[in-house]
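Understanding the architecture of this molecule
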Amino acid sequence: GRPALRENLPHSLVHRSLSLRRRFLPPHLQQRPLLNSLLQERLCRQLAATLRPSAYSIGSYNKVFACEWLNNDTVLLATKCNNLLRLNLLNSAVTRVPLLGMPGRSPGLPNLPVVINDGGLHALETNGPATFLATGALADGDLGVYELPDLRPYALLHGAHADWVFDAAWLDAATLVSVARDSSMAIWSLPEANFSTGVDPDGFAVTSPRYVRKVRDFQDQSARLRSVDIGKCGNLAVLSLNSFLQFYSIERLDTPVATIHLGSSESSFAKETVCVRASPEPHCFYSCCVDHVTLYDSRTGLASDSIESKDRLSGVRSLACNGPVVSYGTGIGNVYFYDVRSHRHLTRHLGLCKAALPGDQQQQARQHQLFRDHNYLHGSQPEYAIYSHKYDADCARIFTAGGPLATTHWGNVAVLHS
């Protein structure tokens with residue numbers, strides 16, 4: 001019989017193409033697992049050609065640093081102006097989600113200073129079973145955990161970081177790792193539902209880290225940790241703005257398995273190292289810089305592939321993997337797709353986000369989204385960056401989000417490609 005397929009146009013078109021060829025395959029190659037594998041790989045390579053953009057106006061919020069699918073009809077957005085937003089894709093409604101904070105001190109927790117977050121929300125991650133969501137909080141070094149699907153406040157993670165939390169990754173359904181600009185890496189275990197570690201008056205738990213490590217670079221200086229991800233084999237990759245990449249075993253976090261110096265300060269490989277993401281291949285991770293995406297093996301610390309960005313020197317700002325295709329968002333609003341097996345870029349890419357708006361709607365949206373941009377009002381044309389792009393659960397749609405690249409510009413962009 002035919003393999004079970006999701007009811008959407010990309011899957012249907014690719015399945016029809018493969019089914020016509022199936023009759024010519026030898027009998028031992030006509031099995032369902034092989035057909036499903038071929039279907040998935042073909043879909044990954046042809047997805048970009050089937051997508052069409054739909055732009056959303058989300059109001060006067062500044063720069064969407066991260067996005068995450070909540071369900072098929074809702075996307076969560078984390079902004080530089082320290083707001084967590086829920087965007088309904090059906091009616092374009094935007095709702096603010098209150099951030100978690102701790103106005104006083106809870107007994108038994110570290111007495112770190114509570115500094116109101118002025119760096120924005122950079123981390124936005126859902127765990128594997130889709131039961132919890134982790135993001136930033138009101139204070140710079142805290143994280144808030146919400147219970148899904150209703151986004152009920154569950155726990156405030158406090159006591160590990162004294163500066164901006166740049167990224168987080170789930171090690172399992174209830175264990176989280178986070179990294180921050182103050183060079184600290186922390187492991188957190190979510191409390192049980194009875195909140196035995198102390199409860200805030202608002203009804204969520206306040207818990208301290210299980211493990212904290214200060215990471216140092218090659219010159220024994222504090223490392224500004226920028227990104228973290230967990231690999232398919234349980235290994236951990238940590239990327240710093242100091243241009244080095246470290247790999248850890250979850251069982252032993254005190255010493256890295258391998259450390260890679262990405263280059264000297266003059267090398268482009270050492271500039272704007274802002275994102276690391278696990279590859280579908282075991283033990284492998286993608287790391288980005290200003291003009292390249294590089295695949296590293298965590299066991300050897302060696303690079304096995306290097307992808308030159310089509311938008312050179314604009315910076316690679318986001319990464320995502322879908323089967324044999326890795327996609328990267330750039331500082332001038334493009335998302336490119338690269339086939340790692342054929343070692344080539346795919347023909348189609350997702351273009352500049354503001355092009356999704358036709359005619360006078362485009363001009364109106366640009367004026368609205370850059371409402372506080374003094375330079376734009378005087379004729380300057382700011383570049384938009386794709387700070388985050390995420391596939392949906394079916395890997396049939398992509399949501400891209402970002403904003404002006406320059407820190408002095410204010411604005412946002414949010415586009416669904418379906």
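Residues numbered from 1 in each chain as written. Predicted model: local features only at pLDDT ≥ 70, side-chain atom pairs only at ≥ 80, totals over all residues. Heavy atoms only, no water.

Looking now at the sheet that holds strand β4 (residues 84-88). The strand order across the open sheet built from 4 strands is β2-β3-β4-β5, with neighbouring strands paired in antiparallel fashion. Of all the strands in the sheet, the pair left with one neighbour each is β2 (64-71) and β5 (94-97). Averaged over all neighbouring strand pairs, the angle between strand axes comes to 25°, with direction disregarded. Note: β2 against strand β3 (residues 74-79), 6 bridges, orientation antiparallel. Residue pairing for β3: Trp69 is matched across the bridge by Val75. (Pairing = 2+ DSSP bridges. Helix = DSSP H or I, 4+ residues; strand = E, 2+ residues; numbered from the N terminus. Axes fitted to C-alpha atoms, helices over the stretch in contact; angles between N-to-C directions.)

Take the confidence of the model for the protein chain next. Low-confidence regions, as indicated by low pLDDT, have predicted coordinates that should not be scrutinised in detail. Averaged over all residues, the pLDDT of the protein chain equals 82, while 76% of them reach at least 70. Contacts from residues 353-379, a stretch scored under 50 in pLDDT, to residues over four places away or in other chains number 45 contacts. (pLDDT = per-residue confidence, 0-100. Contact = heavy atoms within 4.5 Å.)

Once that is clear, we can look at the environment of Phe285. Within the secondary structure, Phe285 is located in strand β20 (residues 284-288). A residue is classified by how much of its surface remains accessible, and Phe285, at 0% relative accessible area, is buried. As a C-alpha pair, Phe285 and Asp229 span 56 residues in sequence and 8.5 Å in three-dimensional space. (Buried < 20%, exposed > 50% of the residue type's maximum accessible area, 1.4 Å probe, protein only.)

The next subject is the layout of surface pockets. Taken as a whole, the largest pocket spans an internal volume of roughly 1,100 Å³. As for the largest pocket, its lining consists of 38 residues, of which Glu68, Glu125, Thr126, Lys232 and Lys390 are closest to the centre. Elements with a contribution of two residues or more to the lining of the largest pocket: β2, β6 (124-126), β10 (165-172), β15 (225-230), β19 (276-278), β23 (316-322) and β27 (384-391). Per element, the largest residue contribution to the lining of the largest pocket is 5 residues, and it comes from β10. When its residues are assigned to classes, the lining of the largest pocket shows 21 nonpolar, 9 polar and 8 charged. There is about 780 Å³ of room inside the second largest pocket. As for the second largest pocket, its lining consists of 34 residues, of which Phe65, His122, Arg226, Val274 and Tyr387 are closest to the centre. (1 Å grid on protein atoms, 1.4 Å probe; cavity = no way out; pocket = protein on both sides within 12 Å on 5 of 7 lines; lining within 4 Å. Points joined across faces, edges and corners; volume = space filled by probe spheres on them. Nonpolar A, V, L, I, M, F, W, Y, C, P; charged D, E, K, R; others polar.)

Along the polypeptide, Thr175 turns up in strand β11 (residues 175-180). Judged by relative accessible area, Thr175 falls into the buried class, the value being 9%.

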